[in-house]
Amino acid sequence: MTLRVAIQMDPIEAVDIAGDTTFLMAETAQARGHKQWVYDFRTLALEEGRLYCRARPITVRREVGNHVDFGDWEKLDLAEDVDVILMRQDPPFDMAYVTATYLLETVHPRTLVVNDPAQVRSAPEKLMVTAFPGLQPPTLISADPVALDAFHKKHGEVVLKPLHGNGGSGVIKLRADDPNLDALIEIHAAGSRDPLVIQKFIPAVSKGDKRILLIDGEPVGAINRVPAAGAVRSNLHVGGTAMPVALTPRDLEICAAIGPTLRERGLIFVGIDVIGDYLTEINVTSPTGAQQLKAFTGIDATALMWDAIEAKRAAQVA
C-alpha cells in the first residue's frame, strides 16, 4: 500500500545521513513508494478545528552534501492530505513539544501519528521507567534538596541528571563524599522548575549503555554505546562509540515486561537504555540507533517499523 507521509522533524538538510535514524526512515519509506513531506512543528496551525502545516515534498538519496531535494511549499490538511505523521523532532521535551502533541492529537488516529502523541506526552522518558518496579536501579525524582541529599548519603556514588534532558546533557556523576550536590541543585533551580533525577551509579556503564530498539513492543536488536575512557556519558554525540552487542536473557526479560504496555499505548518505535541489568530510560520521542544496528547486524528496524505502520493503516481502511 502506498502512503502519504508527513515527517515532523528538525531540518533534514542538516542531518548526518550516516547516523540519523529519521533519514533512514525516510529512505526506507521512499524505497516502498510512499510520498513524503517534511515540516517544522512551528508551522502547525489549528484553524476552525482543522490542523494544517506548511510542508515541502522530499526526495532523499545517500549522497553526502546532496542528500535531499525539495519540492514547492504546500499547505497540508493533516486530517485529509496525509495518512501517517512521523513525530521525529528532537527534544527538549518542553511546553512547545507538549503543545505539538496536543495539536497532533486532533488528527490521530484518523491520521496515524507515530508515536501516539497523547502517549508521548504521558510517557516522559525518565518517568515511564518507574511504572515497572524492579527494572531500574534505585532512583529518586524530586526538586527537594533535602530528599536529594538524603538519597546521595544513602547510596553513595550517584548520577544526577535533569528530568527532561536528552542526549546526555547535564548528566553528572557524584562521588559518595562529593560536596557539590547543593550547588548543582541551585544551578539547576536557577534555570528550571523541573525536578532532578538522582540514581545510584551503575559501574557497568564503563562497559557500555545498551540501546535496544523495539517495534510495536517487540525487541529487534541492540547496539552498545561505550563511553570514552574516564567518561560517564555514552551518548554517541558526546563522544560515545557504537559497538555491536547481542541481547542477553536479562534484556529479553526487560523487553517482555514493558512490551505489552508499549504496544497498548501505540508506541510503535521505541528505544530503551539498559546498563548492566538495569533499565534506565524508555525513549519515545525520537529514538536513535537504527543506522548503527543496520550496519552491525543487517537488521533494518525502520523496515520493520514500516511493516507495522502499513499493517495498522490497512486495518484502519479495511
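Keep in mind the model is a prediction, meaning the values are calculated, not measured.

The rules behind these values
Counting of residues starts from 1 at the beginning of each chain's written sequence and follows it residue by residue. Whole-chain, interface and lining totals are the exception, using all residues; otherwise, since this is a predicted model, local features are given only for residues with pLDDT of at least 70 and side-chain atom pairs are given and counted only at 80 or more. Values shown for side chains rest on all heavy atoms present in the structure; no hydrogens or waters enter the calculation. Counting from the N terminus, the helices are the DSSP runs of H or I reaching at least four residues and the strands are the DSSP runs of E reaching at least two. Each residue is assigned to one of three classes by its accessible area relative to the maximum for its type, calculated with a 1.4 Å probe on protein chains only: buried under 20%, partly exposed between the two thresholds, exposed over 50%. The contact criterion used is simple: two residues touch if any of their non-hydrogen atoms lie within 4.5 Å. Residues belong to one nonpolar core when they are buried, are Ala, Val, Leu, Ile, Met, Phe, Trp, Tyr or Cys, and are joined through side-chain atoms within 4.5 Å. In the sections that follow, a salt bridge refers to a side-chain nitrogen of Lys or Arg positioned within 4 Å of a carboxyl oxygen of Asp or Glu. Note on ring pairs: Phe, Tyr and Trp rings are taken, using the six-membered ring of Trp, and paired if centres are within 6.5 Å. Classes follow the plane angle, with under 30 degrees stacked, over 60 edge-to-face and the rest tilted. In this scheme, the term charge over a ring applies when either NZ of a lysine or CZ of an arginine sits within 6 Å of the ring centre and within 35 degrees of the ring normal.

1. A word on the overall build of the protein chain
And then number 1: Each helix and strand counted, the protein chain has eight helices and 17 strands in total.
And then number 2: On the principal axes, the C-alpha backbone points of the protein chain span a range of 60 × 45 × 40 Å.
And then number 3: Burial analysis of the protein chain (318 residues in total) assigns 52% to the buried set.
And then number 4: Relative to all contacts within the protein chain whose residues are 6 or more apart in sequence, the contacts with residues 24 or more apart total 66%.

2. What to know about the nonpolar core
For soluble globular proteins, nonpolar side chains are generally found buried alongside one another.
And then number 1: In this structure, Tyr 39, Leu 44, Leu 78, Ile 85, Ile 272, Leu 279 and Ile 282 are the most contacted members of the largest nonpolar core, which totals 42 residues.
And then number 2: Contributions of two or more residues to this core are made by β2 (35-39), β4 (50-60), β7 (84-87), α2 (95-105), β13 (209-215), α6 (249-264), β16 (269-275) and β17 (278-283).
And then number 3: Broken down by element, the residue count for this core peaks at five residues, all from α2.
And then number 4: Among the nonpolar cores identified, the runner-up in size contains 33 residues, and Val 5, Leu 24, Val 60 and Trp 306 belong to it.

3. Comments concerning the pattern of salt bridges
And then number 1: Within the structure shown, the criterion is met by 24 salt bridges.
And then number 2: Asp 83 is the salt-bridge partner of Arg 313, the closest N and O atoms lying 3.3 Å from each other. Residue Arg 313 is found in helix α8 (residues 301-317), and its partner Asp 83 is found in the loop between β6 (74-77) and β7; the two are separated by 230 residues along the sequence. There is no split in this pair, since Arg 313 and Asp 83 are both buried.
And then number 3: Counted as one network, the salt bridges with shared partners bring together Arg 50, Asp 77, Glu 80 and Arg 110.

4. Regarding the packing of aromatic side chains
And then number 1: Overall, the coordinates contain one aromatic pair when judged by the stated rule.
And then number 2: Ring centres 5.5 Å apart and planes at 45 degrees place the aromatic pair Phe 93 and Tyr 97 in the tilted group. The pair formed by Phe 93 and Tyr 97 is uniform in burial state, with each residue classed as buried.
And then number 3: The ring of Trp 73 has Arg 54 sitting right over it, with the charged end atom 5.2 Å from the ring centre.
And then number 4: Of note, Lys 173 hangs over the ring of Phe 201, and the distance from its end group to the ring centre comes to 4.2 Å.

5. Section: the environment of Ile 172
And then number 1: Examined against the element boundaries, Ile 172 turns out to sit in strand β11 (residues 172-174).
And then number 2: On the basis of relative accessibility, which here comes to 31%, the residue Ile 172 falls in the partly exposed class.
And then number 3: Separated by ten residues in sequence, Ile 172 and Pro 162 place their C-alpha atoms 9.7 Å apart.
And then number 4: Other than its neighbours up to four places away in sequence, Ile 172 contacts Val 158, Val 159, Leu 160 and Leu 184.

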